[in-house]
Protein chains: 2
Amino acid sequence: MFSIGQISNRTGVKVPTIRYYEQMGLIDAPERSEGNQRRYSKKELDLLSFIKHARDLGLSIDAIRDLIRLNAHPDTPCAGADRIANEHLASVRLRIQQLQRLESELSRIAKSCKAGVVKDCYVIRALSDHSLCQDDH
Amino acid sequence: MFSIGQISNRTGVKVPTIRYYEQMGLIDAPERSEGNQRRYSKKELDLLSFIKHARDLGLSIDAIRDLIRLNAHPDTPCAGADRIANEHLASVRLRIQQLQRLESELSRIAKSCKAGVVKDCYVIRALSDHSLCQDDH
DNA sequence: TATAATGTCTCTAGCGACTATAGCTTCAAG
DNA sequence: CTTGAAGCTATAGTCGCTAGAGACATTATA
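The structure presented is a predicted model; accordingly, all values stated were derived computationally and were not measured.

J.: Quick question: what am I supposed to make of the relation of the copies chain B and chain A here?
T.: Both copies of the chain are related by a screw-like operation: a rotation about an axis and a shift along it. In screw terms, the move from chain B to chain A is a rotation of 180° and a rise of 0.0 Å along the axis, fitting with an RMSD of 0.3 Å. What the superposition gives is, in effect, a two-fold axis relating one chain to the other. Residue I96(B) of chain B places its C-alpha closer to the rotation axis than any other residue of that unit, at 2.8 Å. Here 100% of the contact residues of chain B are again contact residues in chain A; the copies associate through an equivalent surface.

Given below as structure tokens:
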């Protein structure tokens, strides 16, 4: 049996976050000690690791909830899990594209400024005047 | 003089967002009509365009507030504006890197699953077992 | 000019995924 | 037995909006 601090250390999920996950219904309310403190089993530790991993990969709480539900029924088709992963993958790819466009615009703006005072600063001029942009965003 | 809806149309910033910016101190409270509705001048429209552009580039409200303050003093050195742009650029680049690592991890997970049922699903296995990862995240 | 339609007003609450704080109780080590 | 760390609940704050309610203002049409 582990205390909340122990599973926090082992999984890397912060203590208040664990309680938050419990509140959100991602993990069940665990047993309690005589003094009303949470006591977790290995199974619950594993679940929390699963959640941590999925969160690190950027999956939303809702998506993770779905995966947990799927995982609880090992004989259902796994198309659901596949779909969740692929949808998330698509959104990650989209986000990367967006950020890359921003990166090029921003680096152009940031490196173009050789002025000494704000009056002539390219950063501020570029932000004020959309026509200085190279693509539309 | 423009109504809030008119500057919303011209800048692409939604009406409630304009009021929110006013509340946050990004823009000053404008004049009011006899019936207590906001009335904006061209100058305020330009400022809002500036803000919109900076937000589209991902700058935070705080960073934009700093830029506006800088812009109000045209004879100060523009190192501040440069710093803000470059800091943001660095954080965008970092974020892109992170997302690219996620993308590769996630695409590996998503395309490896050929199982029919959850019990054998690679998506769920990979999320449960960190050792299946190719790099650490 | 009357009325209808649209726009605007303030205020409050909600989103997602936590994080922080306050004031208390319990636990483990010395 | 004392002390200090860890845990408890409950509430509020973060960011950048967005949505809704219910009232008032303005504009367009009949």
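J.: How should I be thinking about the packing of aromatic side chains in this particular structure?
T.: Two aromatic rings, taken as a pair, are described by how far apart their centres are and by the angle between their planes. Residues and elements named next belong to chain A. Applying the stated criterion to the full structure yields two aromatic pairs over all chains. Seen from their ring centres, Y20 and Y21 are 6.0 Å apart, and the 50° between their planes marks the pair as tilted. Overall, Y21 belongs to the buried group, its relative accessible area being 7%.

J.: So what exactly am I meant to see when it comes to the domain arrangement of chain A here?
T.: Interface size, as often reported, equals the accessible area lost upon joining of the parts. Residue and element names in this part refer to chain A. Examined at the domain level, chain A breaks down into domain 1 (4-76) and domain 2 (80-132). The C-alpha centroid of domain 2 is placed 36 Å from the C-alpha centroid of domain 1. Taken together, the contact between domain 1 and domain 2 spans seven residues of the former and four residues of the latter. Taken together, both faces of the contact between domain 1 and domain 2 bury some 410 Å²; the carbon and sulfur share is 80%.

J.: Could you clarify how one ought to interpret the protein's contact with DNA strand D in this entry?
T.: Taken together, 19 residues surround DNA strand D, and among them G5(A), R19(A), R38(A), Y21(B) and R55(B) come closest. Considering DNA strand D, the proportion of its atoms within 4 Å of the protein that are sugar or phosphate atoms stands at 89%. Contacts to DNA strand D include R38(A), whose backbone N or O atom sits 2.6 Å from a phosphate oxygen. Elements with a minimum of two residues in the surface near DNA strand D: α1 (4-11) of chain A together with α2 (15-23) of chain B. At three residues, α2(B) tops the list of elements feeding residues into the surface near DNA strand D. In terms of residue class, the surface near DNA strand D is built from four nonpolar, nine polar and six charged.

Calculation rules
- Residues numbered from 1 in each chain as written.
- Chains lettered and ligands numbered in written order.
- Predicted model: local features only at pLDDT ≥ 70, side-chain atom pairs only at ≥ 80, totals over all residues.
- Heavy atoms only, no water.
- Least-squares fit on C-alpha atoms with pLDDT ≥ 70 in both.
- Contact = heavy atoms within 4.5 Å.
- Phe/Tyr/Trp six-rings, centres within 6.5 Å; stacked < 30°, edge-to-face > 60°.
- Buried < 20%, exposed > 50% of the residue type's maximum accessible area, 1.4 Å probe, protein only.
- Domains from an automatic or database assignment.
- Buried area = accessible area lost by both parts, 1.4 Å probe.
- Near = heavy atom within 4 Å.
- Polar contact = N/O pair within 3.5 Å; in protein donor to acceptor, adjacent residues only side chain to side chain.
- Helix = DSSP H or I, 4+ residues; strand = E, 2+ residues; numbered from the N terminus.
- Nonpolar A, V, L, I, M, F, W, Y, C, P; charged D, E, K, R; others polar.

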